[in-house]
Amino acid sequence: MTSTTTAPATSGKSRRPSRSSSGSTLGRYILIRALLIIPTVFILVTLVFVLMRTTGDPITAALGGRLSADQLQERIQEAGFDRPVIVQYFEYIGQIFTGNFGTTLSDNRPVIEVLLTYGTATFELAFYALIVAFAIGIPFGLLAAYHRDKGQDASLRVFAILCYATPVFFSGLLLKLIFSVWLGWLPVAGRASTGATIEMETLPNKTGFYTIDAIMTGNPAVLGDVLAHAVLPAIALGLLTAGVFLRLVRTNVIGTLSTDYVDAARSRGVSEYRLVRKHAYRPALIPIITVMGLQIALLLGGAVLTETTFEWKGLGFQLTEYLQARDFVAVQGIVVLLAVLVAITNFIVDIIAALIDPRVRY
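Residues numbered from 1 in each chain as written. Predicted model: local features only at pLDDT ≥ 70, side-chain atom pairs only at ≥ 80, totals over all residues. Heavy atoms only, no water.

As recorded by an unreviewed UniProt entry, the chain carries the name ABC transporter permease and is attributed to Agromyces humatus. In its Subcellular location (unreviewed entry) section, the UniProt entry covering the chain states "Cell membrane". (UniProt positions renumbered as here; feature names shortened; annotations may be inferred.)

Written out as structure tokens, the structure reads:
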């Protein structure tokens, strides 16, 4: 009697990656992206330092012509700007790691205080602008894809080109002329009226974010005043990014509509509107999330002109003031902070993209 042994059955199908494998891949991806922030910020800080020093020492740049030669030399020695540049560089790097960005030359304030005071305004403006960009770019992109190669599509593509080709200061001035001067619907400048600002300043634990502070006052009139002041700056800055989002959504929805699974749904009688809304919408958002980091950098760059146009007292407005005063210590601190924010934002966007689309991790 012979015994037979059966070999274990093997499947020709490839194994799917286990959850633990997927988790380790995501963890490795996050770690790598986090480590890349360090050299990125280091390079940006170095570039800013070198560019600021090409004009000489900050004391001479800011106070030259106002002080006598002896007084100027004394100030330079007190600040340590008479030492070799390489020594100043390593000292500056060490100060940044301790949170010390120096002291402004024009108004003698710690740079970190300037960043905390005006950074909230810039962040709030960028947040509003992103809302405008999403509210305009995504629906109009879907509409353009739905009416591909028709009159609506052509009009929306022209609108997108105008959005990101028009200088933000020009669109801001145009909006002020129409809605503030001609129609009188919205405030012409500032973050809030004088009365609303005074009421928010009396709060014991104010945050610097006017929307939050206005809610904390419990006065609907203050909140309405703050939101009214934010409308025009947010539209002027948000349109800059809305045009990019519109074209991205249109292109990717059209690409998704030509895939096999959409063709199969179309053959089953699913309407074109439902295909765009249900099947092509989500895949079209992935490229937007991927480029969001770059667009936020664009928003921060545009915030300089927007804040100047609308007298929105944020980092961009203060950066202009310090540039005019040739206060390069303050300029250096603001630019470094913006660079760090852009690097961190790109890191967060990369993680979100990896969570939505696992292919990004590999």
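Assigned secondary structure in the chain consists of 15 helices and zero strands. The 362 residues of the chain split such that 41% are buried. For the chain, contacts bridging at least 24 residues in sequence account for 70% of all contacts bridging at least 6. For the chain, the accessible area works out to roughly 20100 Å², and carbon and sulfur atoms hold 65% of it. (Helix = DSSP H or I, 4+ residues; strand = E, 2+ residues; numbered from the N terminus. Buried < 20%, exposed > 50% of the residue type's maximum accessible area, 1.4 Å probe, protein only. Contact = heavy atoms within 4.5 Å. Areas by Shrake-Rupley, 256 points an atom, 1.4 Å probe, with all protein chains shown as cover.)

For the rest of this paragraph, the subject is the nonpolar core. Judged by nonpolar contacts, the single largest core of 62 residues is most densely connected at Val-45, Tyr-92, Phe-101, Leu-237, Ile-334 and Val-336. Among the elements that take part in this core, helix α5 (residues 111-146) stands out by supplying twelve residues, more than any other. (Core = buried A, V, L, I, M, F, W, Y, C linked by side-chain atoms within 4.5 Å.)

Within the element layout of this structure, Ile-76 appears in helix α3 (residues 69-79). Separated by 17 residues in sequence, Ile-76 and Ile-59 have C-alpha atoms that sit 6.1 Å apart.

By the definition in use, this model includes eight aromatic pairs. Judged by centre distance (6.2 Å) and plane angle (55°), the rings of Phe-127 and Tyr-128 are tilted. With a relative accessible area of 46%, Phe-127 lands in the partly exposed category. One aromatic cluster in this structure is built from Phe-49, Tyr-89, Phe-90 and Tyr-92. A cation over a ring is seen here: Lys-176 above Phe-310, with NZ or CZ 5.7 Å from the ring centre. (Phe/Tyr/Trp six-rings, centres within 6.5 Å; stacked < 30°, edge-to-face > 60°. Lys NZ or Arg CZ within 6 Å of the ring centre and 35° of its normal.)

Let us look at a nonpolar patch on the surface. Taken together, Phe-169, Phe-170, Leu-173, Leu-174, Leu-177, Val-181, Trp-182, Leu-183, Trp-185 and Leu-305 make up a surface patch of nonpolar side chains, about 1100 Å² in accessible area. Top element by residues in the nonpolar patch is helix α7 (residues 168-182). It accounts for seven residues. Looking at where Leu-177 falls in the secondary structure, it is placed in helix α7. (Patch = residues over 30% accessible without salt bridge, like charges linked within 9 Å, V, L, I, M, F, W, Y side chains within 5 Å. Salt bridge = Lys/Arg side-chain N within 4 Å of Asp/Glu carboxyl O.)

The terminal C-alpha atoms of helix α4 (residues 85-97), which comprises 13 residues, lie 19 Å apart, in line with the 18 Å expected from a rise of 1.5 Å per residue. Within the span of α4, buried status applies to Gln-88, Tyr-89, Tyr-92, Ile-93 and Ile-96. Considered in projection along α4, the buried side chains sweep an arc of 135° and stay on one side of the axis. Exposed positions of α4 whose direction lies more than 90 degrees from the buried face are Phe-90 and Phe-97. Directly after α4, the chain includes Gly-99, whose backbone phi takes a positive value near 85°. (Expected span 1.5 Å × (residues − 1). Arc of directions from axis to C-beta.)

As a further point, take the packing of helix α8 (residues 194-201) against helix α9 (residues 210-217). Where α8 meets α9, the closest approach of the two axes is 9 Å, and the angle between their N-to-C directions is 75°. As judged from the angle between their axes, α8 and α9 are roughly perpendicular. Here α8 contributes Thr-197, Glu-199 and Met-200 to the contact with α9, which in turn contributes Tyr-210, Asp-213, Ala-214 and Thr-217. (Axes fitted to C-alpha atoms, helices over the stretch in contact; angles between N-to-C directions. Parallel < 35°, antiparallel > 145°, perpendicular 65-115°, else oblique.)

What follows is about the pattern of salt bridges. Taken as a whole, this structure holds six salt bridges when the rule is applied. For the salt bridge of Glu-201 with Lys-206, the shortest nitrogen-to-oxygen distance reads 3.7 Å. A relative accessible area of 42% places Lys-206 in the partly exposed class. Among the charged side chains, a network of salt bridges with common partners joins Asp-153, Arg-157 and Arg-250.

Further remarks concern the confidence of the model for the chain. Confidence along the chain averages 79 in pLDDT terms, with 84% of residues attaining 70 or more. The low-confidence segment residues 1-15 (pLDDT under 50) makes zero contacts with residues lying over four places distant or belonging to another chain. (pLDDT = per-residue confidence, 0-100.)

Attention now moves to the environment of Leu-130. Within the fold, Leu-130 resides in helix α5. Here Leu-130 falls in the buried class, since its relative accessible area comes to 15%. When sequence neighbours within four positions are dropped, the list of residues in contact with Leu-130 reads Ile-296 and Leu-299.

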